[in-house]
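Letter by letter, the chains look like this.
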Amino acid sequence: MDIIKDVKDKYIKDDLALVVGVDEVGRGCLFGGVVACAVVLPYHRAYLLDEIGVKDSKKLTAKQRLVKISAIQSIVSDWCIAEVDNHTIDKINIHHASLLAMKNAIEGLSVSPSLCLIDGKFIVPNLAYPQVSIVKGDDRSSIIASASILAKVYRDEKIVSYHNQYPQYDLKNNKGYGTKKHLSALKKYGITPHHRLSFSPCQEALISATDFN
């Protein structure tokens, strides 16, 4: 599965070279921050991620993602999760917030990689390491896919932890995305401190409804 073979000759000098995969989750949510995860491992160990059935987190069930967490963590050399909160998203926009989260995750690793594989079509600004952006990277690289799984599980669990505080928004089921029930609650109850005001449904709720708080 791993697309790294396409760039190996340019960036990878030996099989012990450290390769990072990074992905973000929560880009399209109305509630909460955007979360990125970076994983790093020697190139010669990347095949082990294929062997345990790592794939794009969106193609796995919640139970399957949970099962793979410990296996991924036992294979990679290190991993780091970074979050950019909703207030920062509102200030710098979701695109720049996603790239910032990925940059922070990579820089939070304990090692300096030879190459970073970035999910999407954009590279990470001001990153000190060589990098390659890969469109649909979470579906084309098991290294990126493993990062997507760790990020998805972390973010989902965090959003669900807010459910009892804000049950009206059905966060345990929608994980912060704009489902019909979530949108209906925004119209009825307004926003919480964790909603993204730069996203139009939240802007409309702020204008048309009494502030929930």
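Above: the structure in question.
Okay, so let's go over this structure. (Residues numbered from 1 in each chain as written. Predicted model: local features only at pLDDT ≥ 70, side-chain atom pairs only at ≥ 80, totals over all residues. Heavy atoms only, no water.)

### Considering the pairing of strand β2 (residues 34–42)
Now for step 1: Of all the 9 residues making up β2, 9 are buried; the element is thus mostly covered by neighbouring parts of the structure.
Now for step 2: Of the two faces of β2, the one carrying V34, A36, A38, V40 and P42 and the one carrying V35, C37, V39 and L41 are both buried.
Now for step 3: Relative to strand β3 (residues 78–84), β2 runs antiparallel, the two sharing 7 bridges. Residue pairing in the sheet places V34 in a bridge with V84 of β3. (Buried < 20%, exposed > 50% of the residue type's maximum accessible area, 1.4 Å probe, protein only. Helix = DSSP H or I, 4+ residues; strand = E, 2+ residues; numbered from the N terminus. Pairing = 2+ DSSP bridges.)

### Re the pattern of salt bridges
Now for step 1: Enumeration according to the criterion identifies 7 salt bridges in this entry.
Now for step 2: With a closest N to O distance of 3.8 Å, R65 and D156 form a salt bridge. Within this pair, whereas R65 is found in helix α3 (residues 62–75), its partner D156 is found in helix α7 (residues 142–160), the two being separated by 91 residues in sequence.
Now for step 3: Given a relative accessible area of 9%, R65 falls into the buried group. (Salt bridge = Lys/Arg side-chain N within 4 Å of Asp/Glu carboxyl O.)

Everything listed is a geometric property; what it means functionally is a separate question.
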